[in-house]
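# Structure assessment
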Amino acid sequence: MASSKKKLTPLSDQGEFSFIPFLPHPFLTENKQEIQSKYGQFQSDLQAVASKIGELESEADEHSLVLTTLDEVLQDDPDRKCFRLIGGVLVERTVKDVVPALHTNRDGIRTAVKGLADQYTSKEKEFETFKEDYKIRVVGRV
C-alpha cells in the first residue's frame, strides 16, 4: 500500500500538479545505475585480486622449481656459474650467491600471496554485505 501512495508536486506557479511515486525506502533514493556500477566494481576488484594471486603463485612455483635444481648443484659445486635476470639485465653469479636470494624472493612472494588472500576475503565479505543491504540476488547463474 505504501508503494501506491502518490505525492503531488506543483509544476508551475499556475497550480498544475503531477503525480510522483512516494519512495519510502532509503536505498531507493540511490540510482539503479549507481548500484549496478558499484556491483560491477566489486566484481572487477575481486577478479583483479584473484588474478594477481594466481600470477604470484605461479611465480612462486617457478622459484621453487629453480631452487630444487640449484639445491642439487649447491651440494656438488657451490662455485659453479649461474646467470640471473635482474631488472632485465642478465648477471653472472655463483650458485652459492643466488640460492639465498631466490629463497628470500620466494618467501616474499608467498607473504604477498597471503596478504592478497586476506584482502580478497575482506573484499568478498564487503561485497556480500553490499548484496544483503540492497537485497541483490543472482539469478540464472550457470
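Just so we're clear, the structure is a prediction, and the values are computed from it rather than from any experiment.

### Overview of the environment of valine 73
Mapped onto the secondary structure, valine 73 falls in helix H1 (residues 32-76). Note: C-alpha distance between valine 73 and valine 95 (22 residues apart in sequence) is 7.4 Å. With sequence-adjacent residues up to four places away left out, valine 73 is seen in contact with Pro78, Arg80 and Val95.

### A closer look at the nonpolar core
If you look at the biggest cluster of nonpolar residues, it comprises 8 residues: Leu67, Leu70, Val73, Cys82, Val95, Val98, Val99 and Leu102. For this core, the secondary structure elements donating two or more residues are H1 and helix H2 (95-133). When residues in this core are grouped by element, the largest group, 4 residues, is from H2. With near-sequence residues (within four places) excluded, valine 98 lies in contact with Leu70, Cys82, Arg84 and Arg93.

### Some details on a nonpolar patch on the surface
A cluster of nonpolar side chains, contributed by Phe83, Leu85 and Leu90, occupies part of the molecular surface with about 370 Å² of accessible area. As for its position among the elements, leucine 85 is in strand S3 (residues 81-86).

### Here's the deal with the packing of aromatic side chains
For the structure on display, the rule yields 4 aromatic pairs. Over the face of the ring belonging to phenylalanine 127 we find lysine 131, whose NZ or CZ atom lies 4.7 Å from the ring centre.

### Concerning H1
In this model H1 runs 67 Å from its N-terminal to its C-terminal C-alpha over 45 residues, within 8% of the 66 Å that 1.5 Å per residue would give. Where H1 starts, the residue carrying a side-chain oxygen 3.1 Å from the main-chain nitrogen of glutamine 33 turns out to be asparagine 31.

### Some remarks on H2
Across its 39 residues, H2 extends 56 Å between first and last C-alpha, which sits within 8% of the 57 Å expected from 1.5 Å per residue. Of all the positions in H2, only Val95, Val98, Val99, Leu102, Arg106, Ile109, Val113, Leu116, Phe127, Phe130 and Lys131 are classed as buried.

### Some points on a negative patch on the surface
A cluster of acidic residues, Glu57, Glu59, Asp61 and Glu62, forms a negative patch at the surface. Looking at where aspartate 61 falls in the secondary structure, it is placed in helix H1. Residue aspartate 61 is classed as exposed on the basis of its relative accessible area of 54%.

### Some points on the layout of surface pockets
A volume near 230 Å³ is recorded for the second largest pocket. Around the second largest pocket, the lining residues are Glu59, Glu62, His63, Val66, Leu70, Cys82, Phe83, Arg84, Leu85, Val98, Leu102 and Asn105. Those elements that provide at least two residues to the lining of the second largest pocket are H1, S3 and H2. If you tally residues by element for the lining of the second largest pocket, the top one is H1, at 5 residues. Partitioning the lining of the second largest pocket into residue classes produces 7 nonpolar, 2 polar and 3 charged.

### Considering the confidence of the model for the chain
Interpreting fine coordinate detail is not advised for predicted regions of low pLDDT. Looking at the chain, the pLDDT average stands at 85 and 77% of residues meet or exceed 70. Counting interchain partners and residues more than four positions distant, the pLDDT-below-50 stretch residues 1-24 has 22 contacts.

### What about the pairing of S3?
Bridge count between S3 and strand S4 (residues 89-94): 6 bridges; the pairing is antiparallel. Among the inter-strand pairings, cysteine 82 is bridged to a residue of S4, identified as arginine 93.

Reading guide: rules and limits
- Residues numbered from 1 in each chain as written.
- Predicted model: local features only at pLDDT ≥ 70, side-chain atom pairs only at ≥ 80, totals over all residues.
- Heavy atoms only, no water.
- Helix = DSSP H or I, 4+ residues; strand = E, 2+ residues; numbered from the N terminus.
- Contact = heavy atoms within 4.5 Å.
- Core = buried A, V, L, I, M, F, W, Y, C linked by side-chain atoms within 4.5 Å.
- Buried < 20%, exposed > 50% of the residue type's maximum accessible area, 1.4 Å probe, protein only.
- Patch = residues over 30% accessible without salt bridge, like charges linked within 9 Å, V, L, I, M, F, W, Y side chains within 5 Å.
- Areas by Shrake-Rupley, 256 points an atom, 1.4 Å probe, with all protein chains shown as cover.
- Salt bridge = Lys/Arg side-chain N within 4 Å of Asp/Glu carboxyl O.
- Phe/Tyr/Trp six-rings, centres within 6.5 Å; stacked < 30°, edge-to-face > 60°.
- Lys NZ or Arg CZ within 6 Å of the ring centre and 35° of its normal.
- Expected span 1.5 Å × (residues − 1).
- Polar contact = N/O pair within 3.5 Å; in protein donor to acceptor, adjacent residues only side chain to side chain.
- Lys, Arg positive; Asp, Glu negative; His and termini not counted.
- Charge placed at Lys NZ, Arg CZ, Asp CG, Glu CD.
- 1 Å grid on protein atoms, 1.4 Å probe; cavity = no way out; pocket = protein on both sides within 12 Å on 5 of 7 lines; lining within 4 Å.
- Points joined across faces, edges and corners; volume = space filled by probe spheres on them.
- Nonpolar A, V, L, I, M, F, W, Y, C, P; charged D, E, K, R; others polar.
- pLDDT = per-residue confidence, 0-100.
- Pairing = 2+ DSSP bridges.

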